[in-house]
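As a plain string of letters, each chain reads:
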Amino acid sequence: MASTSVPIILGIDFGTSKLCASLWIDGNVTILENSRGEKKVPAFAVLEQDERTGKYRIDIGRPAKDLSAVQPYSCLFNLLYFANTTEAAARDVITRERLPFIYSLHEFSPRFSCTLAPGKPTVLLVLLLAELIRDMRDQAELKVQKLIKKCVITVPTHWNQSGYYYLNQAAQMAGFQDIQFIHTTKAALMGCMTKTITPEFAERENIFRFLVVDFGAASCSVIMYYRKLDQKTMTQISQIYTCPGGNFLDWKLLEHCADEFQRQYGVNVMVDCASVHRIRLACEDAKIRLSTAKFCQIKIGNLKNYGQDLAYTLTLAAFEDICGPVVQTIIEQMRIAIQAVEGSSGGSNSLRILLLGGGSRIPLARKLIGWAFPGIMERSVLGYAEEAAALGAASFGGHSSYNVARTTRKTAVPQPAPVAHQVTYSNRHSTYD
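Conventions and cut-offs
Residues numbered from 1 in each chain as written. Predicted model: local features only at pLDDT ≥ 70, side-chain atom pairs only at ≥ 80, totals over all residues. Heavy atoms only, no water. Axes fitted to C-alpha atoms, helices over the stretch in contact; angles between N-to-C directions. Helix = DSSP H or I, 4+ residues; strand = E, 2+ residues; numbered from the N terminus. Parallel < 35°, antiparallel > 145°, perpendicular 65-115°, else oblique. Left-handed = near helix turned anticlockwise from the far one by under 90°. Contact = heavy atoms within 4.5 Å. Nonpolar A, V, L, I, M, F, W, Y, C, P; charged D, E, K, R; others polar. Salt bridge = Lys/Arg side-chain N within 4 Å of Asp/Glu carboxyl O. Buried < 20%, exposed > 50% of the residue type's maximum accessible area, 1.4 Å probe, protein only. Phe/Tyr/Trp six-rings, centres within 6.5 Å; stacked < 30°, edge-to-face > 60°. Lys NZ or Arg CZ within 6 Å of the ring centre and 35° of its normal.

(A) Region of the structure containing the packing of helix H8 (residues 246-265) against helix H9 (residues 273-289). One way to put it is that H8 packs onto H9 with a least axis distance of 9 Å and a crossing angle of 115 degrees. Accordingly, the angle class assigned to the pair H8 and H9 is roughly perpendicular. Of the two elements, H8 crosses H9, and the hand of that crossing is right-handed. Residue-level inspection shows Gly246, Leu249, Asp250, Trp251, Leu253, Leu254, Cys257 and Phe261 of H8 in contact with H9, the latter providing Val276, Ile279, Arg280, Cys283, Glu284 and Lys287. Across the contact of H8 with H9, the residue classes break down as 9 nonpolar, 1 polar and 4 charged.

(B) Examining the pattern of salt bridges more closely. In the structure shown here, the tally under the stated rule is 19 salt bridges. For Glu87, the salt bridge identified is with Arg91, shortest N-O distance 2.8 Å. Residue Glu87 and its partner Arg91 are located together in helix H3 (residues 87-96), separated by 4 residues, close to a single helical turn. For Glu87, a relative accessible area of 25% corresponds to the partly exposed category. A relative accessible area of 42% places Arg91 in the partly exposed class. Here Glu205 and Arg352 are joined by a salt bridge, their closest N and O atoms 3.9 Å apart. Here Glu205, found in the loop between helix H7 (199-204) and strand E13 (209-215), pairs with Arg352, found in strand E19 (residues 351-356); they are 147 residues apart in sequence, far enough to count as distant.

(C) Structural context of the packing of aromatic side chains. Within this structure, the stated rule accounts for 9 aromatic pairs. Their ring planes at 85 degrees and their centres at 6.0 Å tell us that Trp159 and Tyr164 sit as a pair that is edge-to-face. For the pair Trp159 and Tyr164, one class covers both residues: buried. Each residue in the set Phe44, Phe77, Tyr81, Phe82, Phe101 and Tyr103 is aromatic and connected to the rest through ring pairs, giving one cluster. Seen from the ring of Phe176, Arg137 lies directly overhead, with NZ or CZ sitting 5.3 Å from the centre. Over the ring of Tyr384 we find Lys195; its NZ or CZ atom is 5.6 Å from the centre of that ring.

Right, here's the structure in full:
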């Protein structure tokens with residue numbers, strides 16, 4: 001059992017497409033696996049109606065994502081994006097990307113409803129966020145057999161105050177009493193420092209700068225950090241450079257497949273939100289499979305109004321043609337970040353590139369970045385690149401718990417905890433009538 005003298009801390013990397021969590025227990029940080037053996041949980045929710053009671057409940061995670069393939073008009077996803085955007089921008093994204101739900105803003109509270117199911121209730125965004133966080137807490141408490149009161153949650157580097165407000169409210173609703181936030185890139189770097197990028201490693205290799213490339217779903221963030229000779233800390237020394245992330249790549253892949261279906265079968269699948277969603281899921285799966293295969297088949301059975309199965313074999317070469325421009329945009333931002341601080345602390349020998357986030361699994365991203373910056377991409381982080389931010393979030397919370405000068409934040413006041421600016425070393429369901 002864990003020691004009672006030090007709090008158990010849950011670190012949550014709350015991404016646009018997935019959640020990943022880790023636990024700080026007595027100075028050790030480990031990735032949390034849920035009851036299904038998953039380390040990463042899809043940020044999906046589905047409204048399901050109980051046939052006996054007639055009430056609706058929220059199903060989340062992998063079961064919800066799988067169910068959305070057959071019930072696309074009951075699913076909700078990309079929730080983190082909608083916590084930090086305007087009503088006009090949210091509606092524009094839903095229309096442009098053919099998302100199968102409706103966004104509305106009522107009394108300053110974002111909420112969702114299903115496109116073709118007017119009888120289903122509207123659902124508050126903060127409640128959906130809370131259900132996802134609560135599931136992480138339930139799984140963690142099941143593992144350690146103790147109540148967990150403190151969490152550290154990652155947030156995108158470009159977030160404004162409204163995003164913090166909704167996520168803070170959601171964490172309180174999930175039962176946490178002590179809530180902190182840390183930028184995803186900073187958490188990812190700190191996660192690397194708990195694994196392979198140790199102070200001893202940096203001193204041995206004479207590395208003073210780290211370019212963190214967080215290739216996430218919503219965006220790719222590029223930030224330069226600097227390590228001082230006499231300190232075990234990393235300080236940000238560049239502005240934040242951003243470019244499109246994995247969702248943009250998914251959309252380009254979806255458009256490519258839709259064009260192929262149009263060419264082969266003469267049908268325009270882009271006019272139907274349900275069909276678009278099913279192809280979107282198939283493209284996400286294809287992107288993962290093509291990280292280890294030369295080709296994969298995208299097959300969509302019994303699409304609405306078409307009366308036939310649609311199938312297309314996507315080759316790795318075609319996928320890389322689609323990926324190429326996206327990766328080149330990232331490389332250009334990396335060059336700008338490096339040039340902006342060039343000469344501040346030595347040449348390229350003192351620099352390492354840390355490619356992190358879900359996009360790091362794409363072979364073309366690794367290959368092109370390796371070619372563009374020969375000898376300075378740190379490959380030791382690639383084995384845990386998707387888990388680094390979660391590890392760093394828990395580690396940050398653990399280290400901060402030893403700071404006796406830290407003031408405990410009162411959770412009764414709905415204000416987010418400060419964001420860290422320096423890096424140092426059983427399911428529940430809500431029901432509705």
